[in-house]
Amino acid sequence: MLLGAATAEAQHPTAAENPLVAEAEELLAEIEASSVTYRELSEQALQLKGEERTIVALQMHRTLVAFMRAVEKLVANVVRQTESEIDAGQYQQKTRELLWRLDRRIPALIDETEAEA
């Protein structure tokens, strides 16, 4: 029984030890950077009019799409970590929190982006 418990335990690799963990860290950084960029563009758009505002709105849209793609990749990464019996607990929690916030915010972000265009 003890041997079975030891083999069933999940591994705790670092980013340096496992490419999936490194990828998850990169995706989280990309998601954070996209969030910052979107907020900055949104603030910028408030001060612009006409064609300049339309250009910023398109940048906001691209940023939002990149953000959602990074979230999709993070979800797939967490699934691969779990399937590989890597302890993905910290990434599962971060992903859950992120998806929970997105569920509430994406419709508003899409409306905001369309209104800017």
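All figures in this text were calculated on a predicted structure; none of them were measured in a lab.

S.K.: Before we go on, may I ask you to explain the overall build of the chain in this structure?
M.R.: Helix and strand content of the chain: four helices and zero strands. Counting from the amino terminus, the chain carries its helices and strands in the arrangement α-α-α-α. Here the chain, with 117 residues, has 32% of them falling under the buried criterion. Contacts in the chain between residues at least 24 apart in sequence constitute 71% of all its contacts with a sequence separation of at least 6. Roughly 8,000 Å² of accessible area belongs to the chain as shown, and the carbon and sulfur atoms make up 55% of that amount.

S.K.: Looking at this model, I keep getting lost on the packing of helix H2 (residues 19-46) against helix H3 (residues 50-83). Mind explaining?
M.R.: What describes two packed helices is the angle between their axes and the distance between those same axes. Their axes nearest at 9 Å, the elements H2 and H3 cross at an angle of 160°. Put simply, H2 runs roughly antiparallel to H3. The two elements H2 and H3 cross, and the hand of that crossing is left-handed.

S.K.: Please explain the pattern of salt bridges as it appears in this structure.
M.R.: Side-chain pairs of opposite charge can arise where the charged atoms are in close proximity. A full pass over the atoms with the stated rule returns one salt bridge. Close ionic contact of Glu 23 with Arg 80 constitutes a salt bridge, the shortest N to O distance being 2.6 Å. Remark: Arg 80 occurs in helix H3 and Glu 23 occurs in helix H2; sequence separation between them is 57 residues. Relative accessible area serves as the criterion here: at 26%, Glu 23 is assigned to the partly exposed category.

S.K.: Help me understand a nonpolar patch on the surface in this model?
M.R.: Residues Val 75, Val 79 and Leu 99 make up a contiguous nonpolar surface patch of roughly 200 Å² in combined accessible area. Along the chain, Val 79 falls in helix H3. What makes Val 79 partly exposed here is its relative accessible area of 41%.

The rules behind each value
- Residues numbered from 1 in each chain as written.
- Predicted model: local features only at pLDDT ≥ 70, side-chain atom pairs only at ≥ 80, totals over all residues.
- Heavy atoms only, no water.
- Helix = DSSP H or I, 4+ residues; strand = E, 2+ residues; numbered from the N terminus.
- Buried < 20%, exposed > 50% of the residue type's maximum accessible area, 1.4 Å probe, protein only.
- Contact = heavy atoms within 4.5 Å.
- Areas by Shrake-Rupley, 256 points an atom, 1.4 Å probe, with all protein chains shown as cover.
- Axes fitted to C-alpha atoms, helices over the stretch in contact; angles between N-to-C directions.
- Parallel < 35°, antiparallel > 145°, perpendicular 65-115°, else oblique.
- Left-handed = near helix turned anticlockwise from the far one by under 90°.
- Salt bridge = Lys/Arg side-chain N within 4 Å of Asp/Glu carboxyl O.
- Patch = residues over 30% accessible without salt bridge, like charges linked within 9 Å, V, L, I, M, F, W, Y side chains within 5 Å.

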